[in-house]
Amino acid sequence: MNPQPDLIMETSSSVEKGQEEKKPEQDWDNDPENPYNWPKWKKNFQLFAASVLGFTGSVGTSIISPAHAELVTEFGVSSTVAFLPLTTFVLALGLGPIIGGPVSETAGRKPVYVAAALVGGLFSLGAGFTHSFAGLCILRFLAGFAFGPSLSIGTGFLAETYKPQERALPAALYILSPFLGPGLGPVLGVFLVDRKGWRWTQYTLVFFSAFSLILVALGTESYHAIIQRRKAKKAGTELPSLKPLAVTLGEFGTTGILRPVHMMFTEPIVGFLCLYVSFTFGVLFNFFGALFYVFGSVYHFTLVQSGLVFLAIAVGCLIGFFTIKLCDALFYQPQVRRFPPHQVPPEYRLLPGMIGSIMLPISIFLFAWAARPSVNPAVPIIAIVIFGAGNINLFISALQYIGDVYHRTNVASATSANSLARYTLAAVFPLFSLQMYRNLGVAWASSLLGFISILLLPVPWLLFKFGKTVRSKSKYQVASY
């Protein structure tokens, strides 16, 4: 999931960097072209366009999952190999931002959005036309790589368009839209596969891409440095030249690859949260192979009926979204009033994650032992709803906590570490999920995941209690309050 925005989180450091560049003579703070001063409708249109494109990229991960049996039959591949078109897309979605980030800071956000929608749509079209399984995997990988940058620059767009006091709701809505994609993808996919065949899952991505392309093409550039340079060029003002793309790529390689890997293994906060969040995303993507098998074999659901079960994940995401908003209103905001400005200890961000850590094992064990013919199928479906809520609670809480703990480019590196780990495990889990459920049975296969979730449960609780001590030993610049 998301696939999920990202979601490799860009921080406002890129905005600050753009604003630190030498400016034209006009008063930028009051300039109507400053995205902070855009009318609300314009900001919200840009938000809608970015959200639709983010949803398109994330729905592409799972929309092909109902086609598993068709791929086995048509291409004569094994059951495990038939998951490769899903896993290659997911893996590429996590790699795309490595290029998208620096390109957006050199050419602007809008060209990256336009290229993502256009190129991602074209590769998806090719995936629908191909008659080679290897070609399908390659084209799906390239489509995921093309869509990936759109997920990484969304948070940068939010930081440079909405002022901090008005950013909470737009940010929550933006993060929610890619989260819904993996849950709704199989729901769309089952109807397409059942009535039209697997190729229409890819053609549908093309339609989503075309709609996204229209929206982002009608949008406006939001990166402050690019807007200021264009205004300066019109006014004849001389500004320092931008860094060459090769230099920017090198710097971003450090921020997006080398430093994240280093932080993953040397920073306990980053390492344990990467492990926990990536595991829960692996379980989520495990469901894309397992749920069709479980509900088909245990309850004799048809393909369409099994696909509709994935609505439970989307419902869970919505419940989790409101849980996070409730935690913010009832728990975090009182701390904002209690502490000096901008000095709320990061550990207060962990409450949704602590709630999620309890929901996750409950949901997995409930699913494990309720998915049997003698129990109404509504019970394991409720378990999936609880899992969806717990997953989004943990994910957003972890990203908020990391964002408060680390400063400037270290935030981008820490969140990049989370993203790399998350997409890697999400790509791997479907490759063994079906065999695990067939060999161990539904109860024990799910229970194995449940036991791992219990082992990881203490992570947010321990960070809440000892987080300040842990971050005081960090070699990176971190919050000291």
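Residues numbered from 1 in each chain as written. Predicted model: local features only at pLDDT ≥ 70, side-chain atom pairs only at ≥ 80, totals over all residues. Heavy atoms only, no water.

What to know about helix 4 (residues 84-95)
Inference 1: In this model, helix 4 (12 residues) spans 16 Å end to end at C-alpha, consistent with the 16 Å of a helix rising 1.5 Å per residue.
Inference 2: Within helix 4 the residues assigned to the buried category are P85, L86, T87, T88, F89, V90, A92, L93 and G94. (Helix = DSSP H or I, 4+ residues; strand = E, 2+ residues; numbered from the N terminus. Expected span 1.5 Å × (residues − 1). Buried < 20%, exposed > 50% of the residue type's maximum accessible area, 1.4 Å probe, protein only.)

Considering the packing of helix 2 (residues 40-62) against helix 4
In a pair of packed helices, the angle between the axes and the distance between the axes together describe the arrangement.
Inference 1: With their axes 8 Å apart at the nearest point, helix 2 and helix 4 run at an angle of 150 degrees to one another. Contact residues: helix 2 offers G57, G60 and T61, while helix 4 offers L86, F89, V90 and L93. (Axes fitted to C-alpha atoms, helices over the stretch in contact; angles between N-to-C directions. Contact = heavy atoms within 4.5 Å.)

Thoughts on the pattern of salt bridges
Inference 1: Tallying each qualifying case throughout the model produces 7 salt bridges.
Inference 2: For the salt bridge of E74 with R199, the shortest nitrogen-to-oxygen distance reads 2.7 Å. Of this pair, E74 sits in helix 3 (residues 68-75) while R199 sits in helix 10 (residues 199-218), placing them 125 residues apart in sequence.
Inference 3: On the accessibility criterion, E74 (41% relative accessible area) is partly exposed.
Inference 4: Three or more residues are tied together by salt bridges with common partners; here these are D31, E33 and K231. (Salt bridge = Lys/Arg side-chain N within 4 Å of Asp/Glu carboxyl O.)

Quick notes on a nonpolar patch on the surface
Inference 1: Together, W369, L440, W444, L448, F451, I452 and I454 make up an exposed nonpolar region whose accessible area comes to about 660 Å².
Inference 2: Per-element tally for the nonpolar patch: the top contributor is helix 19 (residues 430-456), with 6 residues.
Inference 3: Checked against the element boundaries, I454 lands in helix 19.
Inference 4: Taking the relative accessible area as the measure of exposure, I454 reaches 42% and is therefore partly exposed. (Patch = residues over 30% accessible without salt bridge, like charges linked within 9 Å, V, L, I, M, F, W, Y side chains within 5 Å. Areas by Shrake-Rupley, 256 points an atom, 1.4 Å probe, with all protein chains shown as cover.)

Some thoughts on the packing of helix 15 (residues 311-338) against helix 17 (residues 378-405)
Inference 1: Two elements in contact, helix 15 and helix 17, have axes separated by 7 Å at closest approach and are oriented at 45 degrees. When the interaxial angle is binned, helix 15 and helix 17 end up oblique. Seen along the crossing, helix 15 lies across helix 17 with a hand that is right-handed. For the pair helix 15 and helix 17, the contacting residues are A312, I313, V315, G316, C317, I319, G320, F321, T323, I324 and Y332 in the first and I381, I384, V385, G388, A389, I392, N393, I396 and D404 in the second. (Parallel < 35°, antiparallel > 145°, perpendicular 65-115°, else oblique. Left-handed = near helix turned anticlockwise from the far one by under 90°.)

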